[in-house]
2 protein chains.
Amino acid sequence: MAEIKNEIVQHFGVISQGEWTRELNLVSWNGRKELYDIRGWADDHAKCSKGITLNKTELKSLRDILNKMEL
Amino acid sequence: MAEIKNEIVQHFGVISQGEWTRELNLVSWNGRKELYDIRGWADDHAKCSKGITLNKTELKSLRDILNKMEL
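Counting restarts for each chain, with residues numbered from 1 along the sequence as it is written. Here the convention is simple: chains get letters from A, ligands get numbers from 1, in the order in which they are written. In keeping with the model being predicted, local features are shown solely for residues with a pLDDT of at least 70 and side-chain atom pairs are shown and tallied solely at 80 or more, while totals for entire chains, interfaces and linings include all residues. The basis for every side-chain value is the complete set of non-hydrogen atoms in the structure, without hydrogens or water.

Within an unreviewed UniProt entry, the label attached to chain A reads Transcriptional coactivator p15 (PC4) C-terminal domain-containing protein, and the organism entered is Anaerotignum propionicum DSM 1682.

The following block contains the structure:
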């Protein structure tokens with residue numbers, strides 16, 4: 001399987017800490033245009049868990065949905 | 001591979017529409033305790049794409065991070 005390359009362009013915050021540190025970052029995968037990215041990372045960021053990528057419009061939609069919720 | 005069962009307990013909103021409809025829901029997977037869930041769904045919700053599950057604390061953290069960002 002081809003090696004997957006990632007570059008964390010910008011770090012926005014830690015969502016939770018545990019087996020992985022779950023973070024919201026701006027990540028470029030395999031040299032492609034960077035996307036917002038929610039996933040878990042090992043401390044050295046050499047390994048990561050499954051996660052999702054979102055574009056800016058999607059991230060805004062998610063933020064607006066969350067702000068309407070009673071959490 | 002065992003069939004994966006899901007129950008969408010509560011729907012909070014549509015994040016985006018395209019090949020999949022990406023949604024934020026509260027989902028119980030295989031009868032387990034429901035978790036917040038961000039992923040894409042087919043229109044009939046019979047199929048879904050990869051996504052992530054978050055507990056309440058994580059969802060609050062994500063919301064707070066998003067509210068500090070200039071989007």
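From this point, things continue past the structure.
1. A word on the overall build of chain A
Helix and strand definitions follow DSSP, with helices as H or I runs of at least four residues and strands as E runs of at least two, each counted in order from the N terminus. In terms of helices and strands, chain A carries 1 helix and 4 strands. For chain A, the α and β elements follow one another from N to C terminus as β-β-β-β-α. Dimensions of chain A, computed from C-alpha atoms along their principal axes, come out at roughly 40 × 30 × 20 Å. Among the 71 residues that make up chain A, the fraction classed as buried is 44%. Only protein chains enter the accessibility calculation, which uses a 1.4 Å probe; a residue is then buried when its area is under 20% of its type maximum, exposed when over 50%, and partly exposed in between.

2. Side note on the interface of chain B and chain A
Interfaces are often sized by the amount of accessible area the parts lose when they come together. A contact between two residues is defined here by any heavy atoms of the two lying within 4.5 Å. Contact residues are listed per partner, giving 26 residues for chain B and 26 residues for chain A. Here's the idea: put two parts together, see how much 1.4 Å probe accessible area each one loses, and the total over both is what we call buried area. Of the roughly 2,500 Å² buried where chain B meets chain A, counting both sides, 72% is carbon and sulfur surface. In what follows, salt bridge is the name for a side-chain nitrogen of Lys or Arg lying within 4 Å of a carboxyl oxygen of Asp or Glu. Joining chain B to chain A, the criterion identifies 2 salt bridges. A salt bridge links E58(B) to R22(A); the nearest nitrogen and oxygen atoms lie 3.0 Å apart. In the analysis that follows, any N or O atom pair within 3.5 Å is treated as a polar contact, provided that within protein one partner can donate a hydrogen and the other can accept it, and provided that, for residues neighboring in sequence, both atoms belong to side chains. Between chain B and chain A we count 9 residue pairs in polar contact (both at pLDDT 80 or more) in total. Every element with two or more residues in the side of chain B that touches chain A is listed here: strand 1 (6-17), strand 2 (21-29), strand 3 (35-41), strand 4 (48-54) and helix 1 (56-68) of chain B. Considering every element that reaches the side of chain B that touches chain A, the biggest residue donor is helix 1 of chain B, with 10 residues. Taken together, the residues of the side of chain B that touches chain A break down into 14 nonpolar, 6 polar and 6 charged. Residues are sorted three ways: Asp, Glu, Lys and Arg are charged, Ala, Val, Leu, Ile, Met, Phe, Trp, Tyr, Cys and Pro are nonpolar, and all the rest, Gly among them, are polar.

3. Describing the relation of the copies chain B and chain A
What relates the two chain copies is a rotation about an axis together with a slide along it. Least squares is the method for superposing the copies, and the C-alpha atoms it fits come from residues with pLDDT of at least 70 in both. Once turned by 180° and shifted 0.0 Å along the axis, chain B lies on chain A with an RMSD of 0.0 Å. Classification of the inter-copy transformation places it as that of a two-fold axis. A share of 100% of interface residues in chain B that are also interface residues in chain A marks the association as one of identical surfaces.

4. Considerations on the pairing of strand 1 of chain B
Residue and element names in this part refer to chain B. Two strands are counted as paired when DSSP detects at least two bridges linking them. Of the strand pairs in this sheet, strand 1 and strand 2 are connected by 9 bridges, and their pairing is antiparallel. Bridged to N6 within strand 2 is W29. The hairpin formed by strand 1 and strand 2 contains 3 residues between the paired strands.

5. Examining the sheet that holds strand 4 (residues 48-54) of chain A
Residues and elements named next belong to chain A. Read across the open sheet, the 4 strands follow the order 1-2-3-4; overall the sheet is antiparallel. The open sheet is flanked by strand 1 (6-17) and strand 4, the only strands paired with a single partner. Each neighbouring strand pair of the sheet contributes to a mean axis angle of 25°, computed without reference to strand direction. To get an axis, fit a line to the C-alpha atoms, keeping to the stretch in contact for a helix; angles then go from 0 to 180 degrees between the N-to-C directions. Running at roughly 95° to strand 4, helix 1 (residues 56-68) makes contact with strand 2 (21-29), strand 3 (35-41) and strand 4 of the sheet.

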